Amino acid sequence: MNEGTDRADDERAQRAHVLVVGGGVMGGTLVEALLAAGWSPRDVEVAERDVARSEDLHRRLGVLTAASTEHAAARADVVLVAVKPDVVGDVLTTIGPALRGGAPVISVAAGLPLAFYEQRLPTGTPVIRVMPNTPAVVGKGAAALAAGSAATERHLALAETILRPTGLVVRVPEKQLDAVTAISGSGPAYAFYLIDAMAEAGVLLGLPRDLATRLAVATVEGSAALAAQSGDHPVVLRERVSSPGGTTVAAVAQLDAHGVRAGVVAAARAAYERSRELGSAQSASPRH
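Remember, predicted model here, so these are calculated numbers, not experimental data.

J.: Would you mind going over the overall build of the protein with me for this structure?
T.: Along its length, the protein carries 13 helices and 8 strands. C-alpha atoms of the protein, sized along the principal axes, occupy 65 × 45 × 40 Å. Every one of the 288 residues in the protein was classed for burial, and the buried ones make up 39%. In the protein, once contacts between residues fewer than 6 apart in sequence are set aside, the share between residues at least 24 apart is 64%. Put simply, the protein shows about 15700 Å² of open surface, and 58% of that area lies on carbon and sulfur atoms. For the protein, the separation between the mean place of its 27 positive charges and that of its 30 negative charges on side chains is 1 Å.

J.: Can you walk me through the sheet that holds strand E4 (residues 78-81) in this structure?
T.: What links the strands of a sheet is backbone hydrogen bonding, and the strands pair in either a parallel or an antiparallel sense. As summarised here, the arrangement of the 8 strands in space is E3-E2-E1-E4-E5-E6-E7-E8, forming an open sheet in which the pairing is mixed. Only two strands of the sheet have a single partner each, and these edge strands are strand E3 (64-65) and strand E8 (167-171). Where strand E2 (residues 44-47) lies against E3, 2 bridges are found, and the strand directions are parallel. Each bridged residue has a counterpart across the sheet, and for Glu-45 the counterpart in E3 is Leu-64. Together, E4, strand E5 (105-107), strand E6 (127-131), strand E7 (141-147) and E8 form the strand contacts of helix H7 (residues 153-163), whose direction differs from that of E8 by roughly 165°. Sitting on the sheet, helix H8 (residues 177-185) is in contact with E6 and E7, with an inclination near 35° to E6.

J.: Any chance you could explain the packing of H8 against helix H9 (residues 187-204) here in plain terms?
T.: Helix-helix packing is described using two parameters, namely the angle between the two axes and the distance between the axes. Interaxial distance between H8 and H9 falls to 5 Å at its minimum, and their mutual angle equals 25°. By the angle class used here, H8 and H9 are roughly parallel. Counting all contacts with H8, which are made through Ala-182, Ile-183, Ser-184 and Gly-185, the residues of H9 involved are Gly-187, Pro-188 and Tyr-190. Of the residues assigned to the contact of H8 with H9, the class counts are 4 nonpolar, 3 polar and no charged.

J.: Sorry if this is basic, but what is going on with the pattern of salt bridges here?
T.: Note that side chains of opposite charge can pair when their charged atoms are close. Evaluation of the coordinates by the stated rule reveals 14 salt bridges. Of the charged contacts in the structure, one is a salt bridge between Arg-214 and Asp-210, with a shortest N-O distance of 3.7 Å. Within this pair, Arg-214 and its partner Asp-210 are both found in helix H10 (residues 209-230), separated by 4 residues, close to a single helical turn. The pair formed by Arg-214 and Asp-210 is uniform in burial state, with each residue classed as exposed. Connected through salt bridges with shared partners, the residues Glu-32, Asp-56, Arg-59 and Arg-60 form a single ionic network.

J.: Explain the nonpolar core to me, please; I cannot follow it from the model alone.
T.: One recurring pattern in soluble globular proteins: nonpolar side chains tend to sit buried together. Core analysis: the biggest nonpolar cluster contains 29 residues, and Leu-34, Trp-39, Leu-80, Ile-106, Ile-128 and Val-130 have the highest contact counts within it. If you list the elements that add at least two residues to this core, you get strand E1 (18-21), helix H2 (25-36), E2, helix H3 (51-61), E4, E6, E7 and H7. Ranked by residue count, the leading element in this core is H7, at 5 residues. Among residues more than four places away in sequence, those in contact with Leu-34 are Val-18, Val-20, Trp-39, Val-44, Leu-80 and Ile-162. Within the second largest apolar cluster, 24 residues are counted, among which are Val-21, Val-88, Ala-98 and Tyr-117.

J.: Quick question: what am I supposed to make of the pairing of E6 here?
T.: Residues in a regular strand project their side chains so that they alternate between the two faces of the sheet. Among the 5 residues of E6, 5 are classified as buried, and the element is accordingly described as predominantly covered. Neither face of E6 is exposed, since Val-127, Arg-129 and Met-131 on one face and Ile-128 and Val-130 on the opposite face are all buried. In this structure, E5 lies alongside E6, joined through 3 bridges in parallel fashion. The partner of Ile-106 across the bridge, within E6, is Ile-128. On the question of chirality, the crossover connecting E5 to the parallel E6 by way of helix H6 (residues 114-120) is right-handed.

Cut-offs applied
- Residues numbered from 1 in each chain as written.
- Predicted model: local features only at pLDDT ≥ 70, side-chain atom pairs only at ≥ 80, totals over all residues.
- Heavy atoms only, no water.
- Helix = DSSP H or I, 4+ residues; strand = E, 2+ residues; numbered from the N terminus.
- Buried < 20%, exposed > 50% of the residue type's maximum accessible area, 1.4 Å probe, protein only.
- Contact = heavy atoms within 4.5 Å.
- Areas by Shrake-Rupley, 256 points an atom, 1.4 Å probe, with all protein chains shown as cover.
- Lys, Arg positive; Asp, Glu negative; His and termini not counted.
- Charge placed at Lys NZ, Arg CZ, Asp CG, Glu CD.
- Pairing = 2+ DSSP bridges.
- Axes fitted to C-alpha atoms, helices over the stretch in contact; angles between N-to-C directions.
- Parallel < 35°, antiparallel > 145°, perpendicular 65-115°, else oblique.
- Nonpolar A, V, L, I, M, F, W, Y, C, P; charged D, E, K, R; others polar.
- Salt bridge = Lys/Arg side-chain N within 4 Å of Asp/Glu carboxyl O.
- Core = buried A, V, L, I, M, F, W, Y, C linked by side-chain atoms within 4.5 Å.
- Right-handed = clockwise from strand over helix to strand, strands pointing away.

All we've got here are geometric facts, nothing functional implied.
Structure, rendered in structure tokens:
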């Protein structure tokens, strides 16, 4: 597909009326992503039970606020579900009968398999599951898309257009989403853990805490940017910092001695298994 075709598809998508169900952190991030992608505030509607939250989005961004989720779903060309997993079933019960035929449902709720949605929505409803992460709030996120049985290339391209302002967007088969959750979904916590440890080390070595934290944050941020831009393997980048017999080699030897690499792998494995457990539990819950 060429650039001109991509632009035309984006422009058609931006004429779609989008309902965002849920106005919390991720819902608000999706609203801002829609506006950044070119949607008019008049074509973005938010259904949020917290009146103060929906009024804040309207005041700051100019988007519409829905008095009724069901009525808003009836006029939506696309529905984005951005609520907690335990509320999704109720949302689907509300919007299902009202959905326009062929209107896609794109969900960022964690853990719920595509079958959960397809069993509760009208037959043939295009469903796309998204696993985002919190850096999406600052446009540096990573989101993975998995398509349901009725979702087409056009629906996936629409989801990509919506999510592009939040950061990296990739497509994966649904069976890989638990692994995505373990790496990028939970991954920001691993990075924050490392930043905190680096800052704490700085304090122990005599730096003021604020300075140590700023240095740790800037170092992790810069290293991630360098890894993204260079395209080199992380081992190659690490070796460029590691002079024989130098400080970095001594430091990395201690990381290996303390099992940091094994700990990260074990953490990701635990997140993966927990994601699978949560998805199985939600799937087994009674239909609403």
